[in-house]
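What follows is each chain in one-letter form.
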Amino acid sequence: MTDDEKFFERLRGDGASLRYRVDDATLARIRARIQDRVTSKVTLAELLASWFRPLAAGLAAVAIAAAIGLSIDRNDSTFGEQEVEIVMGGDTYLVGD
Amino acid sequence: MANDDPLEARVIARVQDGDAEAYDTLVSKYLPRVVAIAWGVVRNAHDAEDLAQEAFVRAYQNIGRFRTSDPFGPWIGRIVTNLALDVMKHRRKFRHEELAGTEPAARRDDADVMAASNDIGARIDAAIEELPEMQRLVARLHLVEEMEHVEIAAITGLSDGTVRSHLSHARAKLREKLADLYD
């Protein structure tokens with residue numbers, strides 16, 4: 001065994017004392033929390049909510065997009081129908097007249 | 001790595017069949033080591049416990065994809081290591097806001113201090129902590145958790161060659177820092 005290997009072996013022997021050890025009470029608490037999470041039953045309401053939540057969000061997004069689209073469309077058509085008034089030298093002209 | 005524990009393979013098969021209660025057998029077998037691995041990375045008892053819990057829940061959620069012929073230990077070790085490294089990445093990103101002038105050592109709790117209570121232990125601990133992240137992780141798994149290269153490779157997702165390379169660099173640096181310790 002080389003000096004380097006001997007050094008590392010001794011280092012490993014002392015390093016093992018640095019291992020983090022959890023007490024039994026803490027282990028039991030973590031185990032209980034894990035078991036609680038993996039065995040918790042999903043209720044019908046939660047199941048339906050998990051399915052319908054993204055669907056509702058998608059529908060809402062489509063509705064908002066459609067509302068914005070209609071609003072822009074309406075503004076465009078309103079602008080086209082309005083007459084523009086220009087006053088020059090006391091005379092009033094309507095564009096489109 | 002193959003699973004040479006037929007009992008464990010049977011337990012995993014039961015969990016895959018929907019027996020959530022059977023999962024506790026795996027949890028009780030691997031929990032101490034999983035918490036220790038997490039603590040080695042995040043160096044905080046509460047975070048390590050939370051990470052261990054999260055790792056086991058995620059493993060359970062993905063157990064259907066797990067092959068019963070594989071050992072469970074390296075898989076859960078890898079999950080918790082990835083989670084812990086993510087936490088460290090997040091901490092580095094928000095270090096300025098989080099620490100606000102507090103040194104990392106001051107954030108350790110009593111359990112953390114106890115782990116390095118003796119002089120030699122404290123020296124080794126400090127020397128390991130000064131290593132770059134992946135060398136630190138590999139060195140800690142090898143020196144503290146007493147894992148061999150193959151197991152470290154399975155847990156970290158690194159190749160055996162990369163593990164050996166990290167360990168070789170870590171070994172050289174530790175020898176330099178701790179030269180006086182065993183002379």
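Here the residue numbering is sequential within each chain, running from 1 through the sequence in written order. Chains carry letters from A onward and ligands carry numbers from 1 onward, assigned in written order. Residue-level local features of this predicted model are given only where pLDDT is at least 70; pairs of side-chain atoms are given and counted only at 80 or more, and the full residue set underlies all totals for whole chains, interfaces and linings.

Some details on the pairing of strand β2 (residues 91-95) of chain A
In summary, the side chains of a regular strand alternate between the two faces of the sheet.
Residues and elements named next belong to chain A.
Now for step 1: Think of it as a crowd count around each C-beta: if 20 or more other C-beta atoms lie within 10 Å the residue is buried, if 12 or fewer it is exposed, and in between it is partly exposed, with C-beta placed from the backbone throughout. Secondary structure elements follow DSSP: runs of H or I no shorter than four residues count as helices, runs of E no shorter than two count as strands, and numbering proceeds from the N terminus. Across the five residues that make up β2, only a small minority, zero, are buried.
Now for step 2: For strand β1 (residues 84-88) and β2, the ladder comprises five bridges, and the chain directions are antiparallel. In the sheet register, glutamate 85 faces β2, and the bridge partner there is leucine 94.
Now for step 3: At least two DSSP bridges between two strands are needed for those strands to be called paired. Linking two consecutive strands that pair antiparallel, namely β1 and β2, is a turn of two residues; a positive phi of about 55° is found at glycine 89 within it.

Quick word on the interface of chain A and chain B
Now for step 1: The contact criterion used here is simple: two residues whose C-beta atoms, placed from the backbone, lie within 7 Å are in contact. Taken together, the contact between chain A and chain B spans 24 residues of the former and 34 residues of the latter.
Now for step 2: Counting only elements with at least two residues in the side of chain A that touches chain B, the list comes to α1 (3-15) and α2 (24-39) of chain A.
Now for step 3: With ten residues, α2(A) is the largest single contributor of residues to the side of chain A that touches chain B.
Now for step 4: Side-chain classes follow a simple rule in which Ala, Val, Leu, Ile, Met, Phe, Trp, Tyr, Cys and Pro form the nonpolar group, Asp, Glu, Lys and Arg form the charged group, and the remainder, Gly included, forms the polar group. Looking at side-chain class alone, the side of chain A that touches chain B contains eleven nonpolar, five polar and eight charged residues.

Brief notes about the nonpolar core
All names here are of chain B.
Now for step 1: For this entry, the nonpolar core is defined as buried Ala, Val, Leu, Ile, Met, Phe, Trp, Tyr and Cys residues connected by C-beta atoms within 7 Å. Counting 55 residues, the largest nonpolar core has Val34, Val35, Ala38, Ala52, Ala55, Ile76 and Val80 as its most contacted members.
Now for step 2: The greatest single-element share of this core, amounting to 13 residues, is contributed by helix α2 (residues 23-42).
Now for step 3: What alanine 55 contacts, discounting residues up to four positions off in sequence, is Val34, Ile76, Ile79, Val80 and Leu83.

Details of the environment of His142(B)
All names here are of chain B.
Now for step 1: Within the secondary structure layout, histidine 142 lies in helix α8 (residues 133-143).
Now for step 2: The spatial distance from the C-alpha of histidine 142 to the C-alpha of isoleucine 152 is 7.5 Å, given a sequence separation of ten residues.
Now for step 3: Those residues in contact with histidine 142 that lie beyond four places of it in its chain are Met147, Ile152 and Leu167.

Section: unusual backbone geometry
Residues and elements named next belong to chain B.
Now for step 1: Not every positive phi belongs to a glycine, and arginine 43 is a case in point at roughly 60°.
Now for step 2: At glutamate 146, a residue that is not glycine, the phi angle is positive and equals roughly 55°.
Now for step 3: Topologically, glutamate 146 is positioned in the loop between α8 and α9 (149-156).

Overview of α9(B)
Residue and element names in this part refer to chain B.
Now for step 1: For α9, every residue scored as buried is listed here: Ile152, Ala153, Ala154, Ile155 and Thr156.
Now for step 2: Buried residues along α9 sit in contact with α4 (72-93), α8 and α10 (160-177).
Now for step 3: Count one or two residues on from α9 and you reach glycine 157, which has phi positive near 80°.

Side note on the packing of α1(A) against helix α7 (residues 119-129) of chain B
Now for step 1: Throughout, an axis means a line fitted to C-alpha atoms (over the contacting stretch in the case of helices), and angles, computed between N-to-C directions, take values from 0 to 180 degrees. At a minimum axis separation of 9 Å, α1(A) and α7(B) run at an interaxial angle of 110°. By the angle between their directions, the pair α1(A) and α7(B) is classed as roughly perpendicular. Contacts from Leu11(A), Asp14(A) and Gly15(A) in α1(A) reach Ile120(B), Gly121(B) and Ile124(B) in α7(B).
Now for step 2: Split by residue class, the contact of α1(A) with α7(B) holds three nonpolar, two polar and one charged. These descriptions rest on fixed angle ranges, namely under 35 degrees for roughly parallel, over 145 for roughly antiparallel, 65 to 115 for roughly perpendicular, and the rest for oblique.

Looking at helix α3 (residues 45-61) of chain B
Now for step 1: A helix's residues, less one, multiplied by 1.5 Å, set its expected span. For α3(B), with 17 residues, the first-to-last C-alpha span of 24 Å sits near the 24 Å given by 1.5 Å per residue.
Now for step 2: Listed in full, the buried residues belonging to α3(B) are Ala45(B), Ala48(B), Glu49(B), Leu51(B), Ala52(B), Gln53(B), Ala55(B), Phe56(B), Ala59(B) and Tyr60(B).

Concerning the confidence of the model for chain B
All names here are of chain B.
Now for step 1: Values of pLDDT, which run from 0 to 100, indicate the predictor's confidence residue by residue. For chain B, the average pLDDT comes to 87, and 86% of its residues sit at 70 or higher.
Now for step 2: For chain B, the element scoring lowest by mean pLDDT is helix α6 (residues 110-115), at 50; α3 scores highest, at 96.
Now for step 3: At the level of chain-chain contacts, confidence expressed as ipTM amounts to 0.79, with global pTM at 0.71.

What to know about the packing of α2(B) against α3(B)
All names here are of chain B.
Now for step 1: Between α2 and α3, whose axes approach to 8 Å, the crossing angle comes to 135°. When the axes of α2 and α3 are compared, the pair comes out oblique. Classified by chirality, the crossing of α3 by α2 is right-handed. Residue-level inspection shows Tyr23, Val27, Leu31, Val34, Val35, Ala38, Trp39 and Val42 of α2 in contact with α3, the latter providing Ala45, Asp47, Ala48, Glu49, Leu51, Ala52, Ala55, Phe56 and Tyr60.
Now for step 2: Here the residues of the contact of α2 with α3 are counted per class, giving 15 nonpolar, no polar and two charged. For any helix crossing, the convention is left-handed if the near helix is rotated counterclockwise from the far helix by under a right angle, and right-handed if that rotation is clockwise.

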